[in-house]
Amino acid sequence: MSYDFTFDIKSVRFDENYRPAESTRTTTNFANLARGERCQENLRNALTMIDNRFNTLAHWDNPKADRYAVELEIITGELSVAAEGATFPAIEMLKTTIIDRHLDKRIEGMTGNNFSSWYGLTRQGVGWLYYM
């Protein structure tokens, strides 16, 4: 017996207005921030924390720790099995873009497949940025 598989790539910006899809895993940390009464405040606080951490790591040309911002986009690879008629998110990845406020420049960052590892992504992004 053979089955036809199809894949679809979708993306959504992760910002203070983010709302997770019903199919998003309940174990996804960032999606959990976007649920509940204080979801917008939770998201805003998390994004501020990410920006602050990135600026702390990129300190060599950033004495006020306010030069950079990190934009995040959730990339979802959906898998559909024709015989089942169901689609599900096979993988979700986080794509980063670094905003340099001093140069008014957008720098494409890393893409990773673990929402819990934004620290590693920002740290690697700083190393990559250093060589620009």
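Note that the structure is a prediction, hence the values are computed from the model and not measured.

A.B. asks: Where do I start with the packing of aromatic side chains in this structure?
C.D. replies: Think of a pair of aromatic rings as described by two things: how far the centres are apart, and how the planes are tilted against each other in angle. Counting across every chain of the model gives 2 aromatic pairs. Geometrically, the ring pair formed by Phe14 and Tyr18 is tilted, given 5.1 Å between the ring centres and 55° between the ring planes. For the residue pair Phe14 and Tyr18, the accessibility class agrees, reading buried in each case. Between the aromatic rings of Phe54 and Tyr68, the centroid separation amounts to 5.6 Å while the plane-to-plane angle is 75°, which identifies the pairing as edge-to-face. Separated by 14 residues along the polypeptide, Phe54 in helix α2 (residues 39-57) and Tyr68 in strand β2 (residues 68-81) bring together distant segments of the chain. Residue Phe54 shares its accessibility class with Tyr68, and that shared class is buried.

A.B. asks: How do you make sense of the side chain of Thr97 when you look at a structure like this?
C.D. replies: Relative to the elements of secondary structure, Thr97 occurs in strand β3 (residues 86-100). The exposure class assigned to Thr97 is buried, which follows from its relative accessible area of 12%. Discounting chain neighbours no more than four positions away, the residues touching Thr97 are Ala69, Val70, Glu71, Arg106, Ile107 and Gly109.

A.B. asks: What is the right way to look at the nonpolar core in this model?
C.D. replies: Note that soluble globular proteins tend to have their nonpolar side chains buried in a common cluster. If you look at the biggest cluster of nonpolar residues, it comprises 16 residues, and the most contacted ones within it are Phe14, Tyr18, Phe54, Val70, Leu72 and Ile98. Secondary structure elements with two or more residues in this core: α2, β2 and β3.

A.B. asks: Just to check I follow, could you spell out the sheet that holds strand β1 (residues 5-14) for this structure?
C.D. replies: Strands in a sheet are paired, the pairing made by backbone hydrogen bonds, and the direction either parallel or antiparallel. What the 4 strands build is an open sheet, ordered β1-β2-β3-β4; its pairing is antiparallel. Of all strands in the sheet, those with a lone pairing partner are β1 and β4 (105-112), marking the two edges. If you compare each strand with its neighbour and ignore which way they point, the axes differ by 25° on average. Those strands touched by α2 are β1, β2 and β3, and its axis lies near 120° from that of β2.

About the criteria used
Residues numbered from 1 in each chain as written. Predicted model: local features only at pLDDT ≥ 70, side-chain atom pairs only at ≥ 80, totals over all residues. Heavy atoms only, no water. Phe/Tyr/Trp six-rings, centres within 6.5 Å; stacked < 30°, edge-to-face > 60°. Buried < 20%, exposed > 50% of the residue type's maximum accessible area, 1.4 Å probe, protein only. Helix = DSSP H or I, 4+ residues; strand = E, 2+ residues; numbered from the N terminus. Contact = heavy atoms within 4.5 Å. Core = buried A, V, L, I, M, F, W, Y, C linked by side-chain atoms within 4.5 Å. Pairing = 2+ DSSP bridges. Axes fitted to C-alpha atoms, helices over the stretch in contact; angles between N-to-C directions.

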